[in-house]
Amino acid sequence: MADSKLATFLNTHKLNTKRVLAVSHTLETLRREDRDIKHTKRTAKKGEGGAAEGGEKKPAGKPRSGRPVTDRAMTSALAGGTVSGPTKQRILRAVNYLLEQKKKDKVELKTLF
């Protein structure tokens, strides 16, 4: 059985898949500032005076997705199955966070998938 690029990468760098799932959950969980960003976008879209307020208050970047990597998606990625683009990005963010903790360089999406 041939391992995927992700599985060999996690084995060589000694990263636990359960840890990747846990880190993804903490990274992707919605916080108050994310809800505020979404709220300002929603009120600006309505046009009820939100356009004037939205021009003054610039949203601070993109909010978190609120959807962590699931166990099913991780097993599919480790087996070399099909994984959606956003899920690949979530796995990449979690792996890069763990590598940063180990004082290692960040990797690109090409190295994992």
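Every chain begins its residue count from 1, and numbering advances along the sequence as written. In view of the model being predicted, local features appear only for residues whose pLDDT reaches at least 70, and side-chain atom pairs are presented and counted only at 80 or more, with totals across whole chains, interfaces and linings using the full set of residues. No hydrogens and no water enter the side-chain calculation; it runs on all heavy atoms of the structure.

A few words now on the nonpolar core. In terms of nonpolar packing, the biggest core is built from 20 residues, with M74 and V95 touching the most fellow members. Runs of H or I in DSSP of at least four residues are treated as helices and runs of E of at least two as strands, each being numbered from the N terminus. Going through the elements one at a time, α1 (5-12), α2 (17-28), α5 (71-79) and α6 (85-101) are the ones with two or more residues in this core. Of all the elements, α6 adds the most residues to this core, at 6 residues. Should any heavy atoms of two residues lie within 4.5 Å, those residues are considered in contact. Apart from residues no more than four positions distant in its own chain, M74 is found in contact with L6, L10, T17, V20, L21, V69 and I91. We define a nonpolar core as any set of buried Ala, Val, Leu, Ile, Met, Phe, Trp, Tyr and Cys residues linked to one another through side-chain atoms lying within 4.5 Å. Relative accessibility decides the category of a residue: with a 1.4 Å probe and only protein chains considered, values under 20% of the type maximum give buried, values over 50% give exposed, and everything between is partly exposed.

The subject of this paragraph is α6. With 17 residues, α6 should cover 24 Å at 1.5 Å per step; its first-to-last C-alpha distance of 25 Å lies within 8% of that length. Within α6, burial applies to T87, R90, I91, L92, A94, V95, N96, L98 and L99. The inward-facing, buried residues of α6 contact α1, α2, α5 and α7 (109-112). Multiplying 1.5 Å by the helix residue count minus one yields the expected span of that helix.

Turning our eyes to something else, we now look at the packing of α2 against α6. Close contact between α2 and α6 brings their axes to 9 Å; oriented N to C, the two are set at 105°. Classified by the interaxial angle, the pair formed by α2 and α6 is roughly perpendicular. Two secondary-structure elements touch here, α2 through R19, V20, V23, S24, L27 and E28 and α6 through R90, R93, A94, V95, Y97, L98 and Q101. In this classification, the charged set is Asp, Glu, Lys and Arg, the nonpolar set is Ala, Val, Leu, Ile, Met, Phe, Trp, Tyr, Cys and Pro, and all remaining amino acids, among them Gly, are polar. In the contact of α2 with α6, the residues fall into 7 nonpolar, 2 polar and 4 charged. Axis lines are fitted through C-alpha atoms, for helices just across the contact stretch, and the angle between N-to-C directions can take any value from 0 to 180 degrees. Working definition: roughly parallel below 35 degrees, roughly antiparallel above 145 degrees, roughly perpendicular at 65 to 115 degrees, and oblique for all remaining angles.

Quick look at the packing of α1 against α5 now. For the pair α1 and α5, the least separation of the axes is 6 Å and the interaxial angle reads 95°. It follows that α1 is roughly perpendicular to α5 by the angle criterion. Between α1 and α5, the contacting residues are L6, A7 and L10 on the first element and M74, A77 and L78 on the second. For the contact of α1 with α5, the class distribution of residues is 6 nonpolar, no polar and no charged.

This paragraph deals with unusual backbone geometry. The phi angle at K14 is positive, at roughly 55°, despite the residue not being glycine. Structurally, K14 is set in the loop between α1 and α2. A relative accessible area of 70% means that K14 is categorised as exposed. Phi is positive for K103, which is not a glycine, with a value near 60°. As for its position among the elements, K103 is in the loop between α6 and α7.

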